[in-house]
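Structure at a glance
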Amino acid sequence: MEVGALVIIFALVVLFAFLGLGAWVTVKAVGAAKRGVDRTITQARRTVEDTTLRAKTLGQSGVTAALAQLRLDLRTSMRATQAALYQGVQADASLKESIALFERLSRHGHELDDELKRLEQEPDRKRIAECLPGLRERTAQITESADSLRWAARDRARQFADEDLAALSAQIEVESSALRDWSRESVDDLTAAAAAWDAGAGPGPARGAGAPASGAAASGAAGEASGRQRPALDPSGPAVSYPWQKAPRPEAAS
């Protein structure tokens, strides 16, 4: 009975675990889809707004066209700098400080863009015309700062790319010179020759194998060799018989 209860409890735990995992995966999928839809809507809204601003700069004149041009310049510069920094930081971690500065600059850019957007609905055009010089100065200050960050990041990336290309070109030139030097033996041939020399070399006379030795030297060498090779008990000498040994049995005649 207890074993059956444990099996049921274990099955329920596994079931609830699967249900919880399925719910978590569903929530994650819905969240990712929602974020994707939000990004698409935001991009579509930005595209529509940029198109409207371009139309105002071309189709209208006066204060309305000036405000639209300021907003368009501000948004274009900030968006290009944001893309350059966030793409560059994936390869160069030192751009994180630049991104922190750009985020502070972005707050000023959003404030200016909101102000310009509100002024588009302002009916007092004369008052807007009086504010235009200050608005142009603020816009130029923000866009120049954004452009400076963007071009500095691009110059840094290009410098790194040029240095890497120069080092790679030098390595390729060295390898090409080595490949063209076919008068040298290959490393494999040199290794094989060294191994053959080590295998053939060994302790021995410095004289060549085919050179004959003189008679005295040869006999002396032969005597020394025989003296060295003769065993301590010479089997060629007469055998000593002892009285306790049995007489050897005569071999059968063939």
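When you go through the chain residue by residue, the secondary structure sums to six helices and zero strands. A total of 254 residues make up the chain; the buried ones form 17% of that total. Here the contacts in the chain between residues at least 6 apart in sequence split such that 67% fall between residues at least 24 apart. A total of about 20,100 Å² of accessible surface is found on the chain, and carbon and sulfur atoms cover 60% of it.

Attention now moves to the packing of helix 3 (residues 96-120) against helix 4 (residues 125-180). In a pair of packed helices, the angle between the axes and the distance between the axes together describe the arrangement. Packing of helix 3 against helix 4 leaves a shortest axis separation of 10 Å and a crossing angle of 160°. Considered as vectors, helix 3 and helix 4 are oriented roughly antiparallel to each other. In the crossing of helix 3 with helix 4, the sense of the turn from one axis to the other is left-handed. In contact with S98, F102, L105, H108, G109, L112, E115, L116, L119 and E120 of helix 3, helix 4 contributes R125, I128, L135, R138, T139, I142, S145, A146 and L149.

Here S77 is to be found in helix 2 (residues 63-88). If sequence neighbours within four positions are ignored, S77 has contacts with T143, A146, D147 and R150.

Spanning 25 residues, helix 3 covers 35 Å between terminal C-alpha atoms, matching the ideal 36 Å at 1.5 Å per step. The set of residues buried in helix 3 consists of S98, I99, F102, L105, S106, G109, L112, D113, L116, L119 and E120.

When pLDDT drops low, the exact placement of atoms in the prediction is not to be read closely. On average, residues of the chain carry a pLDDT of 77, and 72% of them reach 70 or more. Confidence scores differ between elements of the chain, with helix 6 (residues 215-229) showing the lowest mean pLDDT of 49 and helix 3 the highest of 94. Here residues 204-218 scores under 50 on pLDDT; set against residues more than four positions off or in separate chains, the count is one contact.

Cut-offs and rules
- Residues numbered from 1 in each chain as written.
- Predicted model: local features only at pLDDT ≥ 70, side-chain atom pairs only at ≥ 80, totals over all residues.
- Heavy atoms only, no water.
- Helix = DSSP H or I, 4+ residues; strand = E, 2+ residues; numbered from the N terminus.
- Buried < 20%, exposed > 50% of the residue type's maximum accessible area, 1.4 Å probe, protein only.
- Contact = heavy atoms within 4.5 Å.
- Areas by Shrake-Rupley, 256 points an atom, 1.4 Å probe, with all protein chains shown as cover.
- Axes fitted to C-alpha atoms, helices over the stretch in contact; angles between N-to-C directions.
- Parallel < 35°, antiparallel > 145°, perpendicular 65-115°, else oblique.
- Left-handed = near helix turned anticlockwise from the far one by under 90°.
- Expected span 1.5 Å × (residues − 1).
- pLDDT = per-residue confidence, 0-100.

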